[in-house]
Each structure stands twice: as structure tokens, then as C-alpha cells.
Amino acid sequence: MAVPTHYSDRESSEVFAARDESGLAPYAFLSRDTRGRKWPEEEHPYRGPFQRDRDRVLHCSAFRRLAGKTQVFTGSMGDYHRTRLTHTLEVASIARTIGRALRLNEDLIEALAYLHDLGHPPFGHAGEDALDACLADEGGFSHNRFALTLVEELEIRYPTFPGLNLSYEVLEGQSSRLDHHRADGTPPLWETQVVEAADSTTYDAHDVDDALKLGLVTLNELREIPLVRDLTEDLEDRFGPLEGQRMRKALVHALIDRQVTSLVEAAEQFLATHMPLSADEARHSGFRFELDGELLQRKRELEAFLYERVYRHPKLIKVRRDAQERLQRMFDAYVRHPEWLPPRFQERARRVGIRRAVGDYVAGMTDRYCDEQFRRRLGH
Ligand code: MG
């Protein structure tokens, strides 16, 4: 999806930048350099543009619904594991840690982190795959694209324009999740890259925690992976034998710490010899927020383990299959009965077609609401 290009109204924020961004590095993106918003707005007296963007995402209804959406494990599996909301908050926290260590723009980072998973449908990737299949003839379904649809079209917040009217750089950052660079080949801003790296750090760590807690894998099984074996041996050298929850918690902490430290140190090493003097220079510098080769290889081994032993665990496969079937049947039922859609989605169907409008409506549901509608509409 192309980011709109008609951002003529710059939201100059000299006062905010001077007060709140004076401590940022020269390569950080400064709010005074924003290309602004699609719909012109007055500058806020004391909040900068990315601070406002973060608040807009935080206060939107799709953000609250993340509390009711599956990350990996569904609500029926207990109440310890991450939801899509707590995953998002952990991503924001880790991304801010990296951003602050490197004096990047934390407001921009936080806005991007809050936004990054906003477009997930109910039931996690199972739900996404089901919707993608339902919409195969209409261009498919992507949660990254749907996040943009939500904040540009579907969220209702302002009297005179649709969506949240977020700043160009926030929309551009989210767009880069679709194709990893702008249509003209420009690499993502460092703030965007930090959120990407934090997302991956976060889910690998918390999926280990949740999978252990749910008993889908044991610590001994996880220790077959070199990265986990090394980290747990380090921990036992420092603290002596650790059992159960203490080891699980220490391992998750170590997994995050090892990755965040690697990312920050790689950036510091680069900056010691190449100091970009603007955010634009930084994004074109060739430096990417990626783990160093050996750690990256070890992380991939961990991810392969999680894929085989956790995401494809028989318990999850069953939940996944059930969710996909329910979503598919719901989708077909709403396409046959457009009158079941709320009026504004009926109106939307006239503009974007019934299948896309149903996809948008269903994608906005929480797991619970989706189950409830399934029972109500299909009598199960
Ligand atoms: Mg995520």
C-alpha cells in the first residue's frame, strides 16, 4: 500500500523539539522534520506530533481490542500467557530501551510499537490465514495492511476526517512492514528498524516463557538449543542451580538482554566510526538493526524449535483448525447476509465490495466477540 503523498501541511513543532528533543542524537528523527498529516491540524501547545500519534493509537478502539486477541495461545488455554495487547506493550518497552540507549526518538518509536500489531484479526495467525484465503480473489488479507486501513479509514475519532490522521513517518513506518522499504527503495528510519528488531526479540522470549508455563515443552527440551543451553549455563554459573519458575524467568530475561545488548552494541560500534548527522543520513548509511551473525544463527535455531514444537504442537494445531473453520464459516455467512453487518460496514460494502467489507468487519473482532457472533449467527 502506498503512503499518501499529499502531505502539504507541515506541523512545525520547533518549540516542542527544542524542549523535548534537545537530548536526541543527530541521527534521531526530530519532530520538527515531520512531513505532517494528511488532514491539516493545529499544532498542539505542549505535545509533539509523535506523542500525539502514540496517544491516538493508545486511545483508539482497535488498540483496546488487542486485549481480546490471541497472540499465540488462546484465552481457553489459561490467563498467564501474552495477549496481543501485552505483547504490544512488551515490544514498546523493549523498543524504547533500545531507543533511549541510542538517543533515538522515543515518541516515534512508541507510536510505531503501539501501532505495529493493531491489524491482527481474531485468533492470531490462524485467523489471518483464514481471512487471507477468504479474500484470495480480492488481494488477500494482511494484518500489516489492515492496521493502515484501521488508522486511515475505519477508526472514528474526528468530526471532519476519517481515521486517526497520524503523521507521515508513522504511516510510512507501518507501510515498511509490508515491503520493508519505501516504494522508491528508501530504507526504513532507524526508529522503525528498532521496533522491528524489538518485535522479534519480544516474541521469541515470551513464547519460550508461555510455552514452558503451559507445559508444551520442558526446559530440558529447550536446552537442546545451543542459545538456551549457553544462557542457562551462564545463569547457573552465576546463581547456582535454578528450578522451575526462577529459571524460566531468568532465561526469558537473559534472552531479551542478550539480543538487546547485541543490537545496542552493534549500533554503538557503527556510530564510533560513522556518525550520521541526520535521520536521513542514518537510514541511508547501510547500517541495519540486526543481530550479529552468530547470535542471529542461534536465534534462528530457537525459532525453528518454537515453530516445530510450540506453534505446531497438537494442542495448537487443533485450536488453529477450529478457529480457521469458524472464521471461514462466519465470513461466508456474512457475505450471504450483508444485512447482518453494522450500517457503516453495509455502506462500506457499497464502496469496497461485500467480501472486503466483511473481511474488515471480521478482522476487527476480538476472539470472544467472534465466538459469540458464531454462536448467534450459526447456532453453535
Ligand atoms: Mg508483534
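Residues numbered from 1 in each chain as written. Predicted model: local features only at pLDDT ≥ 70, side-chain atom pairs only at ≥ 80, totals over all residues. Heavy atoms only, no water.

Draft legend 1. Main features of the coordination of the magnesium ion. Around the magnesium ion, the donor atoms from the protein are His87 (NE2), His116 (NE2), Asp117 (OD) and Asp199 (OD), and they sit 2.2 to 2.4 Å away. The sequence motif formed by the donor residues of the magnesium ion is H-x28-H-D-x81-D. Remark: aspartate 199 occurs in helix α9 (residues 190–213) and histidine 87 occurs in helix α4 (residues 84–101); sequence separation between them is 112 residues. Comparing histidine 87 with aspartate 199 shows no difference in burial state: the two are buried. (Donors = N, O, S within 2.8 Å, 3.2 Å for Na, K, Ca; no water. Helix = DSSP H or I, 4+ residues; strand = E, 2+ residues; numbered from the N terminus. Buried < 20%, exposed > 50% of the residue type's maximum accessible area, 1.4 Å probe, protein only.)

Draft legend 2. Broad picture of the pattern of salt bridges. Applying the stated criterion to the full structure yields 37 salt bridges. We note a salt bridge from glutamate 41 to arginine 52, for which the minimum N-O separation is 3.7 Å. One end of the pair, glutamate 41, is in the loop between α1 (14–20) and α2 (49–58); the other, arginine 52, is in helix α2, with 11 residues separating them in the sequence. Take glutamate 41: its relative accessible area is 22%, and that puts it in the partly exposed class. A residue is classified by how much of its surface remains accessible, and arginine 52, at 7% relative accessible area, is buried. Residues arginine 329 and glutamate 325 are paired through a salt bridge, measuring 3.8 Å at the closest nitrogen-oxygen approach. Note that arginine 329 and glutamate 325 are positioned in helix α15 (residues 314–336) at a spacing of four residues, about one turn of the helix. (Salt bridge = Lys/Arg side-chain N within 4 Å of Asp/Glu carboxyl O.)

Draft legend 3. Representation of the side chain of arginine 283 in the model. Turning to its location among the elements, arginine 283 is positioned in helix α13 (residues 279–283). Using a relative accessible area of 7% as the deciding quantity, one classes arginine 283 as buried. At 2.9 Å, the side chain of arginine 283 forms a polar contact with the backbone oxygen of proline 187. (Polar contact = N/O pair within 3.5 Å; in protein donor to acceptor, adjacent residues only side chain to side chain.)

Draft legend 4. Expanded view of unusual backbone geometry. Positive phi, normally seen in glycine, also occurs at arginine 103, with a value near 60°. If you trace the backbone, arginine 103 turns up in the loop between α4 and α5 (106–115). Classification of arginine 103 as partly exposed rests on a relative accessible area of 44%. A positive phi is found at asparagine 165, a non-glycine position, where the angle reads about 55°. Within the secondary structure layout, asparagine 165 lies in the loop between α7 (143–154) and α8 (168–179). The exposure class assigned to asparagine 165 is buried, which follows from its relative accessible area of 5%.

Draft legend 5. Main features of the packing of aromatic side chains. Under the criterion given, the structure shown has 14 aromatic pairs. Arranged with centres 5.0 Å apart and planes meeting at 35°, the rings of tyrosine 158 and phenylalanine 161 form a pair that is tilted. On the accessibility criterion, phenylalanine 161 (11% relative accessible area) is buried. Centre to centre, the rings of tryptophan 190 and phenylalanine 270 are 6.2 Å apart; their planes meet at 65°, and the pair counts as edge-to-face. Of the two residues, tryptophan 190 sits in helix α9 while phenylalanine 270 sits in helix α12 (residues 244–273), which places them 80 residues apart along the sequence. With a relative accessible area of 1%, tryptophan 190 lands in the buried category. (Phe/Tyr/Trp six-rings, centres within 6.5 Å; stacked < 30°, edge-to-face > 60°.)

Draft legend 6. Representation of the packing of α9 against helix α14 (residues 293–311). At their nearest, the axes of α9 and α14 sit 11 Å apart, and the two run at 45° to each other. By the angle between their directions, the pair α9 and α14 is classed as oblique. Remark: the crossing between α9 and α14 carries left-handed chirality. Judged by residue contacts, Ser200, Thr201, Tyr203, Asp204, Asp207, Val208 and Ala211 of α9 engage Lys299, Leu302, Glu303, Leu306, Val310 and Tyr311 from α14. By residue class, the composition of the contact of α9 with α14 is seven nonpolar, two polar and four charged. (Axes fitted to C-alpha atoms, helices over the stretch in contact; angles between N-to-C directions. Parallel < 35°, antiparallel > 145°, perpendicular 65-115°, else oblique. Left-handed = near helix turned anticlockwise from the far one by under 90°. Contact = heavy atoms within 4.5 Å. Nonpolar A, V, L, I, M, F, W, Y, C, P; charged D, E, K, R; others polar.)

Draft legend 7. Just the nonpolar core, in detail. Counting 102 residues, the largest nonpolar core has Leu118 and Phe289 as the members making the most contacts within it. Looking at this core, the element that brings in the most residues is α12, giving 12 residues. Excluding residues that lie within four positions of it along the chain, phenylalanine 289 makes contacts with Ile98, Leu102, Leu104, Trp190, Gln193, Val194, Ala197, Leu263 and Ala267. (Core = buried A, V, L, I, M, F, W, Y, C linked by side-chain atoms within 4.5 Å.)

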